[in-house]
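Residues per chain, in single letters:
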Amino acid sequence: MQTEPLIVNIGPQHPSTHGVFRLKLSLDGERILDADMVVGYLHRSMEKLAEERSYTQNIPFTDRTDYLAAMTGNLAYCLAVEKLLGVEPPPRAQWLRVIMAELQRIASHAMAIGTFINDCGAWQTPLMYMFREREKILDLFEMACGARLTTNYMRIGGVSRDIPAEFMPRATALVKELPDRIREYEGMGLGNEIVVARARGIGVLTAEQAINSSVTGPMLRGSGVAWDIRKADPYAAYDKVQFDIPVGTAGDCYDRFLVRLEELRQSTRILEQALEALPEGPVNLDLPLAIRPPVGESYGRIESPRGELGFYIISDGGPSPYRFHIRAPSLINLTSLKEMSVGLTVADAIVVLGSVDIVVGELDR
Amino acid sequence: MEHLLAEWYDIRDLGNAVGHFLTWVDDRGGPSWLPYFVSGIIGVVAILLWAVLSQLGFVWIERRLIGRIQVRLGPNRVGPFGLLQPLADALKVLTKEMITPANVDRLLFWGAPAVVVMPALVVFAVLPFGEHMQLTDLSVGLLFVIAVGSVNSLIVFTAGWSSSNKYSLLGAMRTIAMLISYELIQVLALLAVAVYTNTMRMGGVVAWQDHYNVWLIFLQPLPVFAYALAGAVEINRTPTDIAEAESEIVAGYHTEYGGIRWGMFQVAEYIAGFAIAAIVATVYLGGWTLFGLEEWVPGWLIFLGKVYTYFFLFIWLRGTLPRLRIDQLMGFAWKYLLPLMLVNILVSGFEVLIWQEKDLSAGVVLPIFAIVNAGLTVAMMVGWARVMGHTGSIGEPRRAQLISDVGGVYYEPLPGGRA
């Protein structure tokens, strides 16, 4: 009998694509023969727009690329410009950056874990639990900079302002509470046979495949490669804190899930040390708002919750960058989606997509 | 009228009042079919009213409970405690536009939501709400509920097929696949009941449990579990809402439906849920009896209590569990439940045979059977799972490895300052 594959578009409008991402699946019944990803539905031309704006004006763009991790976006860009200028922020700013980045990592991973279990078919419950802690973190951000999502907190040469007096008690209380909460999440996710049945052995990405397709972040670590820029190329004050890198063994969706859960714990550990070690002093270098870096190029990279977030900037000596490029982990991690999902079923493809943890704002920029 | 047992105001069985009314109608001297006609109308209206009111109530209860489960409040704005929320929802659904997409099979697309509530409602015709509160006591009640229940899946398939949408098509395919797997389990579960009670009459099943003063859940633990799961599959609720898996195929078979057409599917799902709960309550939980308490408490209250308690389980599961994949769910039916159910029927048959051939007293033999069947169920479930290769634990790893534990680092740290 003559048959032909059924082409199904998952997205751009779909509950599980986390935004406007389109996945074109060729199906034989439920089995995936081919997966084709179509990106660009949220393209806002940020890289080109940034060439017309001053270096300081570009910081808000970095909030809006990865809108679930604005702090780390700010940080990566500021690092790149600081490298170009050859300046080093004061110690208090360095530690504040670590605190904010780790809080952001917890908030972002909480979302990632919640939506992942949601993609496994749970009816919003894990996500609502995750929102509870994320909400407290966003409150802290609001205290520090007045905004919850698009923080615009980091500045070239430090951070925009010092934290208010009530920040520290609230942050310390949150950090005390977090280990209990993380145990709760583990009880919810790890002991659940359905999550295990849905995620284990699904979407396997071997270490070799992961390295070949430049996958970074929890996905790379889930495949068993212990690569973490916070250790490999320390920035801010990460060389002064003790923490561990979790790695997976099989490289499947379940391992990525485990790695993210463990990173919540490690981030809590970093936060404990950072809140303790936070020195007094100025929080920025008071650089002028309009700067003209010397001619040259720089690449600033950090370990964002999703992987290696890099900003490549070329300066021609003018007030705005000559070239402004973002190495977005969401996009590069997603390139291995086809390798992971061909041969699985539609339901698995959604779980795999959930385990990649994309943010479409960063995917398309 | 043999219905007449007590005074009309005896609300322990609402059948009394109806019986008196029918006698009154008969005494007026109309045609002889009139009392039957009137009693039918009364029954149908009562079931419809009950179903709609229960549904409105449970929409509120479900939303509030799921809210509690999800550490939020749930609807609390419309009316006191948000009690009018279901009405607001209903109004919204009624006033929304019903869009008919291009290229759909119009007749089927229009027809499916129009008839989807019917099978779920018809099931209640044979279920006894009280001793005389039953629309009709069919002699093949058990067969009837299975037959009518599967019609529901066919309508769902029609909706998915006619929508001319690929998500709907996938949902429709999944519905049929699951129908085939789990109808079999349902039949086997109810067959075991028929073996024991020697009747297919719903009233007879309840009377049997009342007579021997034991619920069939104690004698038949495995079929209860199997039927509960098969029922959950049939009504598309998490963890088995595979046919309308939101995160995978948007809304499955009703993706293209809007307005009251979508509302009809929603109503049908709820009422089918009540139907499953009512069948379980009738067949396995003693129906309107409660070990003699029905002499004082109205039997229909006992029955409704059982139905609602069971429906609460559905809500709880929905708030707790993720979804299984379709091959896992169907594998469970064919590889796991089917052999166990066949063994269960064999064992039940032998038990009944021994009981009748040796003419033993029920007081002695039923407790023994209960213990034997419970032990056998546990042994079979665990044993067969071991045979199938499940170890009972979810296996390793339970936590990600840490680099400090592993000891090895896979990368070379970069020479500093490679900017």
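Residues numbered from 1 in each chain as written. Chains lettered and ligands numbered in written order. Predicted model: local features only at pLDDT ≥ 70, side-chain atom pairs only at ≥ 80, totals over all residues.

Enquirer: Give me the lowdown on the overall build of chain A, citing residues and values where you can.
Expert: A tally of helices and strands in chain A yields 15 helices and 9 strands. Along the three orthogonal principal directions, the C-alpha set of chain A runs to about 75 × 45 × 35 Å. Taking all 365 residues of chain A together, 56% fall into the buried category. (Helix = DSSP H or I, 4+ residues; strand = E, 2+ residues; numbered from the N terminus. Buried ≥ 20, exposed ≤ 12 C-beta atoms within 10 Å, placed from the backbone.)

Enquirer: Account for the overall build of chain B, with residues named and values stated.
Expert: Along its length, chain B carries 16 helices and 1 strand. Taken across its 419 residues, chain B has 42% of its residues classed as buried. Here the contacts in chain B between residues at least 6 apart in sequence split such that 75% fall between residues at least 24 apart. (Contact = placed C-beta atoms within 7 Å.)

Enquirer: Please provide a residue-by-residue account of the confidence of the model for chain B, values included.
Expert: All names here are of chain B. When pLDDT is averaged along chain B, the result is 82, and 92% of the positions lie at 70 or above. Throughout residues 411-419 the model reports pLDDT below 50, and contacts reaching past four residues in sequence, or to other chains, amount to 9 contacts. As a predicted assembly, this complex carries a pTM of 0.84 together with an ipTM value of 0.78. (pLDDT = per-residue confidence, 0-100.)

Enquirer: An account of the sheet that holds strand 8 (residues 307-315) of chain A is requested, with residue identities and associated values reported.
Expert: All names here are of chain A. A sheet is described by the order of its strands in space; here 3 strands give the open sequence 7-8-9, paired in antiparallel fashion. For this open sheet the edge positions go to strand 7 (296-304) and strand 9 (323-327), each flanked by a neighbour on one side alone. Between one strand and the next, the sheet's axes are offset by a mean angle of 10°, whatever the strand orientation. Across 9 bridges, strand 7 lies against strand 8 in antiparallel orientation. Looking across to strand 8, one finds that Glu303 is bridged to Glu308. Contacts from helix 3 (residues 70-85) reach strand 7 and strand 8, with the element oriented near 150° to strand 7. (Pairing = 2+ DSSP bridges. Axes fitted to C-alpha atoms, helices over the stretch in contact; angles between N-to-C directions.)

Enquirer: Just give me the short version of helix 7 (residues 166-197) of chain B, but keep the residues and values in it.
Expert: Residues three or four positions apart in an α-helix share a direction because the helix packs 3.6 residues into each turn. All names here are of chain B. Counted at 1.5 Å a residue, the expected span for helix 7 with its 32 residues is 46 Å, and the 46 Å between its end C-alpha atoms agrees. Its maximal kink placed at Ile180, helix 7 deviates by approximately 25°. Just past helix 7, the residue Asn198 takes up positive phi, approximately 60°. (Expected span 1.5 Å × (residues − 1). Bend = angle between axes of the 7 residues up to and from the residue.)

Enquirer: Outline the nonpolar core, supporting the account with residue identities and numerical values.
Expert: Counting residues in each nonpolar core, the largest one holds 215 residues, and the members touching the most others are Val98(A), Ile271(B), Ala275(B) and Val280(B). A per-element tally of this core places helix 7 of chain B first, with 17 residues. Apart from residues no more than four positions distant in its own chain, Ala275(B) is found in contact with Ala120(B), Val123(B) and Phe124(B). (Core = buried A, V, L, I, M, F, W, Y, C linked by C-beta atoms within 7 Å.)

Enquirer: Lay out the sheet that holds strand 2 (residues 22-28) of chain A in plain terms, naming residues and giving numbers.
Expert: Residue and element names in this part refer to chain A. Reading across the sheet, the 3 strands line up as 1-2-3 and stay open at both edges, with antiparallel pairing between neighbours. Each of the sheet's edge strands pairs with one partner strand only, and the pair in question is strand 1 (6-10) and strand 3 (31-38). Averaged over all pairs of adjacent strands, the angle between strand axes in this sheet comes to 25°, irrespective of strand direction. Taken together, the 7 bridges between strand 2 and strand 3 define a ladder with antiparallel strand orientation. Its bridge partner being in strand 3, Arg22 is matched across the sheet by Val38. Docked against the sheet, helix 14 (residues 346-356) engages strand 2 and strand 3, running at close to 150° with respect to strand 2.

Enquirer: Before we move on, can you summarise the interface of chain B and chain A with the specific residues and values?
Expert: Listed by partner, the interface residues are 38 residues for chain B and 48 residues for chain A. For the side of chain B that touches chain A, the elements supplying multiple residues, two or more each, are helix 7, helix 11 (246-249), helix 13 (299-320), helix 14 (326-358), strand 1 (401-402) and helix 16 (403-406) of chain B. In the sheet, strand 6 (residues 246-247) of chain A pairs with strand 1 of chain B via 2 bridges, with the strands oriented antiparallel. Of the residues in strand 1 of chain B, the one forming a bridge with Val247(A) is Gln401(B).

Enquirer: Summarise helix 6 (residues 167-189) of chain A; cite the residues concerned and give the values.
Expert: Residues and elements named next belong to chain A. If you check helix 6, its first and last C-alpha atoms are 31 Å apart, about what 23 residues at 1.5 Å a residue would give, namely 33 Å. For helix 6, the principal kink sits at Leu178 and spans about 35°; a proline, Pro179, occurs within the next four residues. Among all positions of helix 6, only Ala171, Leu174, Val175, Leu178, Tyr185 and Gly189 are buried. The secondary structure elements touched by the buried residues of helix 6 are helix 4 (91-119), helix 5 (125-145), helix 7 (193-199) and helix 11 (253-277).

Enquirer: I'd like a description of the packing of helix 4 of chain A against helix 11 of chain A, backed by residues and values.
Expert: All names here are of chain A. Packing of helix 4 against helix 11 brings their axes to within 9 Å, and their N-to-C directions diverge by 155°. One element, helix 4, and the other, helix 11, form an angle in the roughly antiparallel class. Where helix 4 crosses over helix 11, the handedness of that crossing is left-handed. From helix 4, Trp95, Val98, Ile99, Glu102, Leu103, Arg105, Ile106, His109, Ala112, Ile113 and Phe116 reach across to helix 11, where they touch Phe257, Arg260, Leu261, Glu263, Leu264, Ser267, Ile270, Leu271, Ala274, Leu275 and Ala277. (Parallel < 35°, antiparallel > 145°, perpendicular 65-115°, else oblique. Left-handed = near helix turned anticlockwise from the far one by under 90°.)

Enquirer: I'd love a proper account of the packing of helix 6 (residues 141-162) of chain B against helix 7 of chain B, names of residues and values included.
Expert: All names here are of chain B. One can describe the packing of helix 6 onto helix 7 by two numbers: an axis separation of 9 Å at closest approach and a directional angle of 175°. Classified by the angle their axes make, helix 6 and helix 7 are roughly antiparallel. Class assignment of the residues belonging to the contact of helix 6 with helix 7 gives a composition of 13 nonpolar, 7 polar and 1 charged. (Nonpolar A, V, L, I, M, F, W, Y, C, P; charged D, E, K, R; others polar.)

Enquirer: Explain the environment of Leu174(A) to me, using residue names and the numbers behind them.
Expert: Mapped onto the elements, Leu174(A) comes out in helix 6. Sequence separation between Leu174(A) and Leu42(A) is 132 residues, and the spatial gap between their C-alpha atoms is 34 Å.

Enquirer: Explain the environment of Glu135(A) residue by residue, including any values.
Expert: Its place among the elements puts Glu135(A) in helix 5. On the basis of neighbour count, Glu135(A) is assigned to the exposed category, with 12 C-beta atoms found within 10 Å.

Enquirer: Pulling in residues and values, what's your account of the environment of Leu42(A)?
Expert: Residues and elements named next belong to chain A. Relative to the assigned elements, Leu42 resides in the loop between strand 3 and helix 1 (46-49). For Leu42, a count of 16 C-beta atoms within 10 Å gives the class partly exposed. Along the backbone, Leu42 and Ser304 are 262 residues apart, and their C-alpha atoms lie at a distance of 20 Å.

Enquirer: Outline unusual backbone geometry, supporting the account with residue identities and numerical values.
Expert: Backbone geometry places Ser214(A), a non-glycine residue, at a positive phi of 55°. Classification of Ser214(A) by C-beta neighbours within 10 Å gives partly exposed; the count is 15. With phi around 60°, Asn198(B) is a residue other than glycine that occupies positive phi space. Here Asn198(B) lies in the loop between helix 7 and helix 8 (202-212).

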